[in-house]
Amino acid sequence: MFYDVVIIGAGISGTMCAYKLSKYKLKIAVVEAGIDVAAGSTRANSAIIHAGYDAKEGTLKAKLNVKGCEMMQELTETLGVHYKNCGSLVVGFDDYDREQIEILKKRGEINGVKGLRILDKRELHKMEPNVSPSAVCALFAPSAGIVCPYDLAFALSENSVTNGAKFYFNFKVSSIEKTDNGYAVSDGNETVTGKYVISAAGLYCDEIAKMVGDPLPFDIIPRRGEYMLLDKAEGKTTQRTLFVTPNEKGKGILVTPTADGNIIVGPNANVVDEKSDTSVTIEGLEEISEGARRLVPNINLDAMITSFAGVRSTPSTRDFYIQESEKCKNFIHVAGIESPGLASSPAIGDYVVDILKKSGLKLEEKTDYIPTRSKEGNFKLFYDMTDKERKIAIEKNPLYAKVVCRCENITEGDVVNAIHRPIPAYTSDMVKRRTRSGMGRCQGGFCNTKVAEIIARELGIPVDQVQKFGKNSNILCGKTK
Amino acid sequence: MHKSVVIIGGGPAGLAAAIGAYEAGVEANDIIIIEREKELGGVLNQCVHTGFGLTYFGEELSGGEYASRFIEKIEEYGIPYVTDATVLSVSKSKVIKFVSPQLGYTKVKAEAVVLAMGCRERSRGTLNIAGTRPSGIFSAGSAQRFVNIDGYLPGKRVVILGSGDIGLIMARRLTLEGAKVLRVCEVKSHVSGSARNVEQCLNDFDIPLYLNSTVTKIVGEERVTGVVVSKVDENFKPIKGTGELVRCDTLVLSIGLIPENELTTEAGIKLDKKTNGAVVDQYFQTSLPGVFACGNVLHVHDIVDYVTSESINVGKACAGYVKGLLRPNKTKIPFEISEGVKYVVPQTFNFDPKKIDIILKRFVVYFRVSKDYEKARITITSNGEELLSLIKNNIHSSQMHSVILTKKMAQVIQKNKNAKISVTEEA
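Residues numbered from 1 in each chain as written. Chains lettered and ligands numbered in written order. Predicted model: local features only at pLDDT ≥ 70, side-chain atom pairs only at ≥ 80, totals over all residues. Heavy atoms only, no water.

Residues and elements named next belong to chain A. Counting buried residues in helix α10 (residues 412-419) gives 7 out of 8 residues, a clear majority hidden from the surface. Three or more residues of α10 are buried, namely Glu-412, Gly-413, Asp-414, Val-415, Val-416, Ala-418 and Ile-419. In this structure, the buried residues of α10 make contact with β21 (403-405), β22 (410-411), α11 (428-435) and α12 (448-459). (Buried < 20%, exposed > 50% of the residue type's maximum accessible area, 1.4 Å probe, protein only. Helix = DSSP H or I, 4+ residues; strand = E, 2+ residues; numbered from the N terminus. Contact = heavy atoms within 4.5 Å.)

This is the structure:
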C-alpha cells in the first residue's frame, strides 16, 4: 500500500493530524513505536487546556494555544471525550507575583485570550475557598479547561480508523529513505511508504529528523514531571485549575480537578537522561506535595491513590517547530510540542493540514465521512450513562449489568467493548485507559483478576498469557501446582 | 421493589445481619441480600486456610466452611438474595439502585438498610514508593484470589511488604505453591498479625521476617526485577544509605485495609475519621435513621467471629426498627475516648429509657488502643461515675478489644447524658 500521508507517532499531535486528514479522500498511515495510542508524553501530563496567556506574544505557541483552546469544547462533544471548561486561576502571593500577573494578563490579551480578569483576595477566596489564605490576587482565565488526554487521543485515532486510516503499532522507526515518489519509513522489519511524512514523534522528533537528513535546529530536552492523583472523594478541593505565578523555572506546581473528577497535583520538572524514564522519586513526591500545600494548605494528600510521571519534550528554543523541511520536500516536522501541546492540538492539526495543502496535497472531502469514533457512536461508558441509557444498554447486553470495577462502576460490557473497539485493547493497561477499570481508589486490587479473565476469554488465550502492557509484562507466572 | 430490610453485601457481616433480622421476626421475603460476587460468602470464599470459627463455633474451620454454615441458614430460612449485583447508590430516602444480569437495572425501596460492604486493601499507590510501574505488584488479597480461586501463580520470587495476617498467610500459601518467598518486611518494630501465624506461616517455612524495614523503590521496566528494602527510623522514615536491592519478580502488599464507604458517603452519612466507617449508636445505626452498618465496613476487625456476633445484633436491631420499636432519639450522647484509645464503636448512645432491653439485652463496645500495654486498666465512666473498671493483660495496639455494657450502665449513661472510655497503664 502506498499512502498519501505517513504519520510518525500516535500521541496527541499525530492522532490529531490523522483525525484532521481523515476527513479527506486520502490514504493515511500512522506508525507508532509503542503498543498503543498515547504511549508517551500524551499519557501522563497535567491534562490542562491552557487559555493561552503563558506563551510569549507572537510565537507559534501563543497563536495555536488560544485557537486550540477555543476548539476544544466542540471537538470533545463530537467525539464523546470528557472535557470541562472549568477555568483557571494563577494565584499571586506578593507584589512581585502581582506584577507578573499583570504582565500575563496583558500578554494574554495580545494573544487573544478572552475574558481574562484579575481577582482581588476577597473574590479569589469566594471563588475557591481552599486557596491559601496568604494568596493576595489571581488571574482568572474562564476559557481554560481540563480534558482526559489519552481518551482524546483514543477518540481521534478511533475516528481515523473508522474513516479508513491504518495504524501500525510496535513500529519503532529505524530508517527513512527518500524514494522517487516520497518516503519509505521502516522499523527494520516492515516498510511503510507514502508521499508525505509527518514527524510527530514527540521526544524522538530529533532522532527522526536525523534519519531523514534534516536535523532539528534545536535540542529536545527530556524533562520529567511527577504527579500525585487523589481520590475522587477529594474532588471538591478546587473547582478550577490553580497555578502558582510562573517564574523563570516554569509554570510551577499546580492543583487541578481532572475531567474524571479526581484531583491531580504536580508536576515538577527535572531533566532526565533517558527519554523513557517515567519512574517516580521520593524527593519528587515531596517536592510536589510542598508545592501543592503552598496553593492549598489543607489539601488532603493522604488521599493519594497513585503517583506517576511523564516525560515532556522541551525544545531548547521553547517554541513549537511545525514546518515543512527545507531540505526534504513533503516532510513535515511537528516538533518541540511541550505544554501547551494538548491545548494547542486541534490548531496544530489544522496548521499541519494547511502546510500540506500549500505543499500541493489535494484535499477533497469524503462524502461518507463518519464524525464519531465508530459508525455506532462514541462508546459511552456505563458510568457516563443516564438511568434511561443504562436500562437500554442492559436490555441490549446483560454484560452491562455486571460491574467489574467497583470503584469506578465499570461493567463487563464496557470491558468487552474496549477489547473490540477500532483500536483493540489486549492488555490490562489498554483496557484500563479505555474504560477506567482499575483507575479508582483500589487501583485494580479487586478488578485485576476479573479483567484478566475477560481479556483471556475474549482473545481465546490462557489467563497467564495476559499482559499488563505488552512485552514481558505478564501479570501471572503460570498455573499453581 | 419494596423490602423491609435490604442488606448490601453478602459476606460474613451481611449474612449474619440477615439471619439476625429473620430470627428477630422479619419475614424472609421482606429481606434481600445484594451481593456483588458470583456467590455469597465474601472474601471467606478465597480463604482456604483454617483458623476461622474458634471463638464463635469453638471449632477450627476454613473460610469456605465458615461461610457455608451461614449460607446454609440463609437457604434454610428462604431469605432471598441476588448475586453478581452491584449497588450504584443509596439515597437519603433509602432507595437503593443496583444492577445485576439477573434483575437488570433495579430500584428497591427499603425500610431499613444494612451497610455490609466490607473493606478494600491499601494499594501501592497510597504509599510513597519510588520507581517504575511494572507488572508483578499485587495486593495480598488479589494474589490470594489468583491462587485460590483462579489457580494461577502471581510470581516465583516474592517479597511481601506488611506482616498483617493476610501477608503472613500468603507467605505460606505462595511457598506451598512453589514460589520462593524471600522475606516479609514490616515497617513497625513488631508483627501486625497473630503470633500463631508467625509460627505456622513463617517460622515453619524458614521465611525471614525483617522488622523496622520497608520497600522504598521498585525496579523493573516490564516485570518487577527487584525491590529496594530500607531500614526505617522510629518515625517509620527510611534511613538513607540502608537500601538493599532484593532481586525478585513479585511484590505482595499487605499494608492495611480501608472500609469501603463510598455509598455511605454519597448517602450523606456521617463518618468517623478514626475508623473510616460510619458513626453509629449502640444499635449500630448510622446518622441516617434506619441505616445500619456492621462488619469491616464499619471498622476493620481482626477475626471474622467478631464480625458475626456484631452483625447478628445489627440484624436484630433492624428488626426492631422495622417494627417501630427503635425510635430515633434526637439527642445523641457522644461516647468520648481518652488519650490511650484509638477509637471506639459505637461512637454515640441514643437509648430509649423505657425500652432499653427490648431489642438487645446487652451492648458490646469495641475499641482499639493507640499503644501496647502489658497490663491495662479499662474504665467506662459517666459524669465521673465509674460504670466499669477491669484490668486486662497484654493489650496490643494491633488487636481489637471489647467490653460489655449492661442495661443498668445504659440507664446511667442515658440519665447523665455522658460516657467516656479510657485505658491506662496499670502498675
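With that settled, the discussion passes to the confidence of the model for chain B. Averaged over all residues, the pLDDT of chain B is 94; the fraction at 70 or higher stands at 98%. The complex prediction reports pTM at 0.94, with the ipTM value standing at 0.93. (pLDDT = per-residue confidence, 0-100.)

Residue and element names in this part refer to chain B. Each assigned domain of chain B is listed here: domain 1 (1-120 + 257-328), domain 2 (123-255) and domain 3 (329-427). Computed from C-alpha atoms alone, the centre-to-centre distance between domain 1 and domain 3 is 24 Å. If you look at the interface, domain 1 gives 28 residues, while domain 3 gives 26 residues. Here domain 1 packs against domain 3, burying approximately 2,300 Å² in sum over the two surfaces, 57% of which is carbon and sulfur. (Domains from an automatic or database assignment. Buried area = accessible area lost by both parts, 1.4 Å probe.)

Residue and element names in this part refer to chain A. Going residue by residue along strand β15 (residues 254-257), you find Leu-254 and Thr-256 tucked away on one face and Val-255 and Pro-257 tucked away on the opposite face as well. Relative to strand β16 (residues 263-266), β15 runs antiparallel, the two sharing 4 bridges. Its bridge partner lying in β16, Leu-254 is registered against Gly-266. Linkage of β15 to β16, two consecutive antiparallel strands, is achieved through a turn of 5 residues, within which Gly-261 is found at a positive phi near 100°. (Pairing = 2+ DSSP bridges.)

This part is about the pattern of salt bridges. On inspection of all chains with the given rule, the structure shows 46 salt bridges over all chains. For Asp260(A), the salt bridge goes to Arg436(A), with nearest N and O atoms at 3.0 Å. Of this pair, Asp260(A) sits in the loop between β15 and β16 while Arg436(A) is found in the loop between α11 and α12, placing the two residues 176 residues apart along the sequence. Like Arg436(A), Asp260(A) is buried. In this structure, Glu260(B) engages Arg120(B) in a salt bridge whose closest nitrogen and oxygen atoms are separated by 3.1 Å. With Glu260(B) in the loop between β19 (257-259) and α6 (262-266) and Arg120(B) in strand β9 (residues 119-121), the pair connects residues that are 140 residues apart, well separated along the chain. Sharing partners across several salt bridges, the network here consists of Asp231(A), Arg406(A), Arg441(A), Arg36(B), Arg120(B), Glu260(B) and Glu262(B). (Salt bridge = Lys/Arg side-chain N within 4 Å of Asp/Glu carboxyl O.)

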